Amino acid sequence: MAFVVLVVGWIVLGLLGLKVLYSFCNFIYCVKLSAALGHSLDLRRYGPWAVVTGATDGLGEAYAWKLASLGMNIVLISRSHSKLQEVAYDIKREHRTIQIRTVAADFTEGESIYPLLKFELVNLPSGVGMLINNVGMDVTTSQFDVLSPEEEIQKIINCNIMAMARLTNLLLPGMRNRQRGIIINVGSIWGTGTWCSTDQFEPCSIIYGATKAFVDKFSHDLAVECRQDGIIVQSVMPTVLATKMHGLQDMSSMFVPKPETFVDANFLTLGIESRTAAYWLHKILLYWREVLHFTLPGSIAQWFSRKIYVGIKVQKLWTEKMNTVK
Ligand SMILES: NC(=O)c1ccc[n+]([C@@H]2O[C@H](COP(=O)([O-])OP(=O)(O)OC[C@H]3O[C@@H](n4cnc5c(N)ncnc54)[C@H](OP(=O)(O)O)[C@@H]3O)[C@@H](O)[C@H]2O)c1
């Protein structure tokens, strides 16, 4: 009996060791080696056009600039017509050879915007090779029962879930026909495990985390379904970024990367990782967060999550204070 336990123990340890080794090698490859070896996908091979939602600020704008620098034509989608024109003009000034189209649509509105999007996107010459479902919003209040059903619950579901599902549904047939395509779905580390709490620090909203959990599950299953058709689907899970979403746009740090830094890191993982936190420190955080959730009792794992969240809040308050002093 003791012998059997010993053998099983060694097998389990061996498997865990292999998993850790694989994760470590993958980390080193994505963060250091792939760029050094020039192993990046030729995105234009997937089709000349890329569509980016939430493209006038933060992460979406960074994706748009990156795609333009790689010679892709882009369709920018956001609510504000003037911001779209501004971003399109700036990008075009630096990247004259590419084409840019803009579509003003508010994803919180739900069903009514999709006929326009279908009209604008489905017949693009030579088709859409890449879809970046980046748009996302949070709600200002944390306690679930104080959210208003139409104003907040419906809108966040329309924006964070429906937009991704509907645009994927719209553009996937073209990708399947051409047997190639890339879909990046921007979720969040807040979509994994449990984050919420009711203490005095402004807690994160559970509905936001839940919509981001949908992004991850949807992407994972779609990636499996589409693999044989040559379509790459990736779930991207940042921790915190220096963007307007959490008021951190002027507060980049090692932990809170600029959106451009994040996008550069993300593109190095394309075709390698179907589920990624992209940026090196966010990768480490996501990895340990999932290990802790797997190994520790729920309450202790939640305590660690809380520490990360409080750390972000403290950094924000500290930077705000320093900016006021200046
Ligand atoms: N920032 C973070 O720390 C963080 C962390 C994890 C995950 N994420 C995820 O990353 C993605 C991008 O976030 P971000 O920080 O870059 O956000 P952001 O800086 O607030 O930018 C949001 C972009 O989306 C557009 N937008 C907002 N609501 C829209 C709507 N209803 N319809 C159409 N466009 C809309 C905005 O433009 P207009 O105002 O002109 O419409 C803007 O271009 C989101 O999915 C977010 O959940 C962010």
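Worth saying up front: this structure is predicted, and the values here are computed from it rather than measured. (Residues numbered from 1 in each chain as written. Predicted model: local features only at pLDDT ≥ 70, side-chain atom pairs only at ≥ 80, totals over all residues.)

**Topic: the overall build of the protein**
- Looking only at helices and strands, the protein has 9 helices and 7 strands in total.
- Relative to the compact-globule value of 20 Å for 326 residues, the protein shows a C-alpha radius of gyration of 21 Å, a close match.
- Principal axes of the C-alpha set define a box for the protein whose edges measure 70 × 50 × 40 Å.
- Every one of the 326 residues in the protein was classed for burial, and the buried ones make up 35%.
- Within the protein, counting contacts between residues at least 6 apart in sequence, those at least 24 apart form 70% of the total. (Helix = DSSP H or I, 4+ residues; strand = E, 2+ residues; numbered from the N terminus. Rg over C-alpha atoms; globule rule 2.2 N^0.38 Å. Buried ≥ 20, exposed ≤ 12 C-beta atoms within 10 Å, placed from the backbone. Contact = placed C-beta atoms within 7 Å.)

**Some details on the site of the ligand**
- The environment of the ligand is made up of 28 residues, and the closest members are Gly54, Gly58, Arg79, Gly136 and Thr243.
- At 3 residues, helix 2 (residues 58–69) tops the list of elements feeding residues into the shell around the ligand.
- Looking at the shell around the ligand, its residues break down into 11 nonpolar, 12 polar and 5 charged. (Near = placed C-beta within 6 Å. Nonpolar A, V, L, I, M, F, W, Y, C, P; charged D, E, K, R; others polar.)

**Remarks on the environment of Thr53**
- Its place among the elements puts Thr53 in strand 1 (residues 49–53).
- The class for Thr53 is buried, based on 25 C-beta atoms found within 10 Å.
- Taking the C-alpha atoms as reference points, Thr53 and Gly136, separated by 83 residues in sequence, lie 8.9 Å from one another.
- Setting aside chain neighbours within four positions, we find Thr53 in contact with Gly60, Ile77, Ile132, Asn133, Asn134, Val135, Ala163 and Leu167.

**Looking at helix 7 (residues 259–269)**
- Summarising burial for helix 7: 8 of the 11 residues are buried, a large majority.
- Along helix 7, the positions that sit buried rather than exposed are Pro259, Phe262, Val263, Ala265, Asn266, Phe267, Leu268 and Thr269.
- Close packing links the buried residues of helix 7 with helix 1 (2–36), helix 2, strand 6 (231–236), strand 7 (275–276) and helix 8 (280–295).
- Gly271 lies just past helix 7 and shows a positive phi near 85°.

**So, the packing of helix 4 (residues 114–121) against helix 5 (residues 149–178)**
- For the pair helix 4 and helix 5, interaxial distance at closest approach is 11 Å and the crossing angle is 35°. Considering how the two elements wind past one another, helix 4 and helix 5 form a crossing that is right-handed. Contacts between helix 4 and helix 5 involve Tyr114, Leu117, Lys118 and Leu121 from the former and Arg166, Leu167, Leu170 and Leu171 from the latter.
- Across the contact of helix 4 with helix 5, the residue classes tally to 6 nonpolar, no polar and 2 charged. (Axes fitted to C-alpha atoms, helices over the stretch in contact; angles between N-to-C directions. Left-handed = near helix turned anticlockwise from the far one by under 90°.)

**Topic: unusual backbone geometry**
- A positive phi angle, close to 65°, is found at Ser126, a residue other than glycine.
- Considering the arrangement of structural elements, one finds Ser126 in the loop between helix 4 and strand 4 (128–133).
- A tally of 11 C-beta atoms within 10 Å means that Ser126 is categorised as exposed.
- Phi is positive for Gln179, which is not a glycine, with a value near 60°.
- With respect to the helices and strands, Gln179 occurs in the loop between helix 5 and strand 5 (181–186).
- The exposed category is assigned to Gln179, around which 10 C-beta atoms lie within 10 Å.

**A word on the nonpolar core**
- Membership of the largest hydrophobic core comes to 70 residues, with the highest contact counts inside it found for Ala50, Val51, Val52, Ala64, Ile74 and Leu76.
- With 9 residues, the top contributor of residues to this core is helix 5.
- Setting aside residues no more than four positions away along its own chain, Val51 makes contact with Val75, Ile77, Leu121, Val128, Leu131, Ile132 and Leu171. (Core = buried A, V, L, I, M, F, W, Y, C linked by C-beta atoms within 7 Å.)

**What about the environment of Lys155?**
- Tracing the sequence through the fold places Lys155 in helix 5.
- What makes Lys155 partly exposed here is the crowd of 19 C-beta atoms within 10 Å.
- Distance from Lys155 to Ile113, taken between C-alpha atoms, is 13 Å for residues 42 residues apart in sequence.

**Re helix 3 (residues 81–94)**
- The end-to-end C-alpha distance of helix 3 is 21 Å, a good match for the 20 Å that 14 residues give at a rise of 1.5 Å each.
- Every buried residue of helix 3 is listed here: Leu84, Val87, Ala88 and Ile91. The buried residues of helix 3 all sit within an arc of 100° when viewed along its axis, so they share a single face. With respect to the buried face of helix 3, the exposed residues turned more than 90 degrees away are Ser82, Glu86, Tyr89 and Arg93.
- Looking at the buried side of helix 3, the elements it contacts are helix 2, strand 2 (73–78) and strand 3 (100–104). (Expected span 1.5 Å × (residues − 1). Arc of directions from axis to C-beta.)

By themselves, these are just geometric observations and shouldn't be taken as functional.
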